[in-house]
Amino acid sequence: MLNQIPQAVTIAGSDSDGSAGMQADLHTFFRHEVYGASILTACVAGNSFGIHDSVNLPTSFIDSEFKALAEDYQIKAAKTGMLSDSKLINTVVTNYKKYNFGPLVVDPVITTKHGNELLDASAYQTLRDTLIPLAYVITPNFFEAQKLAEMSITSEDDIKLAAQKLQQLGAKNIVIKGAHNDPNQTEVKDYVLLEDQSDFWLTAPYHPTDRVNGTGDTLSASITAELAKGASVEAAIRTAKRFVDAAIANEIIVGHKFGPINHWAKF
Ligand code: PXL
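Peer 1: I would appreciate a short explanation of the nonpolar core in the present structure.
Peer 2: It is characteristic of soluble globular proteins that their nonpolar side chains tend to be buried jointly. By size, the foremost hydrophobic cluster in this structure holds 47 residues, and its most contacted members are Val9 and Phe101. For this core, the element with the most residues is helix H3 (residues 86-98), which contributes five residues. Excluding residues within four positions of it along the chain, phenylalanine 101 makes contact with Val9, Ile39, Phe66, Leu69, Ala70, Ile75, Lys76, Ala77, Ala78 and Tyr96. Counting 26 residues, the second largest nonpolar core, distinct from the first, contains Leu194, Ala221, Ala236 and Val244.

Peer 1: Mind showing me how you'd approach the site of the ligand here?
Peer 2: Taken together, Gly13, Ser14, Asp15, Ala20, Gly21, Val44, Ile51, Met82, Thr112, Leu118 and Asp217 make up the full set of residues near the ligand. The separation between an oxygen atom of the ligand and a polar side-chain atom of aspartate 15 is 3.2 Å. Calculation on the ligand without its partners gives an accessible area of 320 Å², and the protein chains cover 87% of this total. Among the elements that line the shell around the ligand, the one with the most residues is strand E1 (residues 7-15), at three residues. Across the shell around the ligand, the residue classes break down as five nonpolar, four polar and two charged.

Peer 1: Can you help me understand H3 in this one?
Peer 2: An α-helical turn contains 3.6 residues, so a residue and the one three or four places further along point in the same direction. A rise of 1.5 Å per residue sets the reference length of H3, with its 13 residues, at 18 Å; its end C-alpha atoms lie 18 Å apart and thus fit the reference within 8%. Taken together, the buried positions of H3 are occupied by Leu88, Ile89, Thr91, Val92, Val93, Asn95 and Tyr96. With a side-chain oxygen positioned 3.3 Å from the backbone nitrogen of lysine 87, the residue opening H3 is aspartate 85.

Peer 1: Before we go on, may I ask you to explain the pattern of salt bridges in this structure?
Peer 2: Think of it this way: side chains of opposite charge can pair up when their charged atoms draw near. In the structure shown here, the tally under the stated rule is eight salt bridges. In this structure, aspartate 25 engages lysine 79 in a salt bridge whose closest nitrogen and oxygen atoms are separated by 2.9 Å. Here aspartate 25 is found in helix H1 (residues 21-31), whereas its partner lysine 79 is found in strand E4 (residues 77-80), with 54 residues between them in sequence. Judged by relative accessible area, which is 0%, lysine 79 ranks as buried. The shortest N-O distance in the salt bridge between aspartate 107 and lysine 177 comes to 3.6 Å. Here aspartate 107 is found in the loop between strand E5 (104-106) and helix H4 (124-131), whereas its partner lysine 177 is found in the loop between strand E7 (173-176) and strand E8 (187-193), with 70 residues between them in sequence. The exposure class of lysine 177 is buried, given its relative accessible area of 12%.

Basis of the calculations
- Residues numbered from 1 in each chain as written.
- Predicted model: local features only at pLDDT ≥ 70, side-chain atom pairs only at ≥ 80, totals over all residues.
- Heavy atoms only, no water.
- Core = buried A, V, L, I, M, F, W, Y, C linked by side-chain atoms within 4.5 Å.
- Buried < 20%, exposed > 50% of the residue type's maximum accessible area, 1.4 Å probe, protein only.
- Helix = DSSP H or I, 4+ residues; strand = E, 2+ residues; numbered from the N terminus.
- Contact = heavy atoms within 4.5 Å.
- Near = heavy atom within 4 Å.
- Polar contact = N/O pair within 3.5 Å; in protein donor to acceptor, adjacent residues only side chain to side chain.
- Areas by Shrake-Rupley, 256 points an atom, 1.4 Å probe, with all protein chains shown as cover.
- Nonpolar A, V, L, I, M, F, W, Y, C, P; charged D, E, K, R; others polar.
- Expected span 1.5 Å × (residues − 1).
- Salt bridge = Lys/Arg side-chain N within 4 Å of Asp/Glu carboxyl O.

Rendered as structure tokens:
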């Protein structure tokens with residue numbers, strides 16, 4: 001029967017080495033048995049050493065992508081990834097409001113783990129003012145949480161306060177991803193604050209590997225896929241964490257340096 005298979009869309013940039021961005025999202029949707037559609041916003045020439053070039057797509061083309069999808073598919077959940085500048089953010093916000101693509105998971109991609117800037121400095125306020133209020137779930141990493149909450153985070157109480165500040169900006173459910181930049185750490189802890197004000201920590205072992213490209217994209221795509229299947233937000237977040245942990249623990253050696261996580265991992 002038409003439209004029986006859960007469908008989700010990633011609104012994101014392409015990463016040419018397939019480790020992050022739209023490609024990581026589509027791998028993730030596939031592994032969750034969710035049909036993946038894609039609205040491309042930008043293209044990045046990247047490999048496991050970093051990002052070497054990028055271009056944005058014309059906003060009129062992004063309008064056409066939204067329209068084409070909305071006219072034919074029944075999208076149950078959506079996520080955003082790289083949105084480069086204010087023009088792209090405004091286009092995505094306008095289109096998301098126009099169509100019914102279900103709950104929105106916002107991965108506020110600002111800076112990659114390796115210091116590549118994926119969002120213009122001038123676009124940061126647009127992200128904060130227009131996209132974040134639409135977020136059913138927002139998944140900042142440690143650095144993005146500090147930037148968006150406009151505070152430095154040095155303790156667990158700070159993380160909780162930052163999550164509250166993100167809720168005040170209009171995001172409903174907050175997942176602040178723990179830092180994993182200390183070779184001596186033994187675990188990674190993410191903090192979750194839900195719309196109903198319940199909160200919890202998600203803890204997973206720290207895996208000492210360089211093969212972690214696409215971790216954030218995969219977490220947010222995994223949450224999106226589970227929401228498209230009708231999972232509760234808490235169940236979606238818990239499943240996503242389990243998937244990402246398995247994908248990091250079961251390393252694959254692709255690319256010379258900071259390679260992708262393993263989307264084939266069993267979870
Ligand atoms: O992981 C963040 C990210 C998102 N989107 C694109 C990327 C990257 C990181 O490289 O290339 C397109």
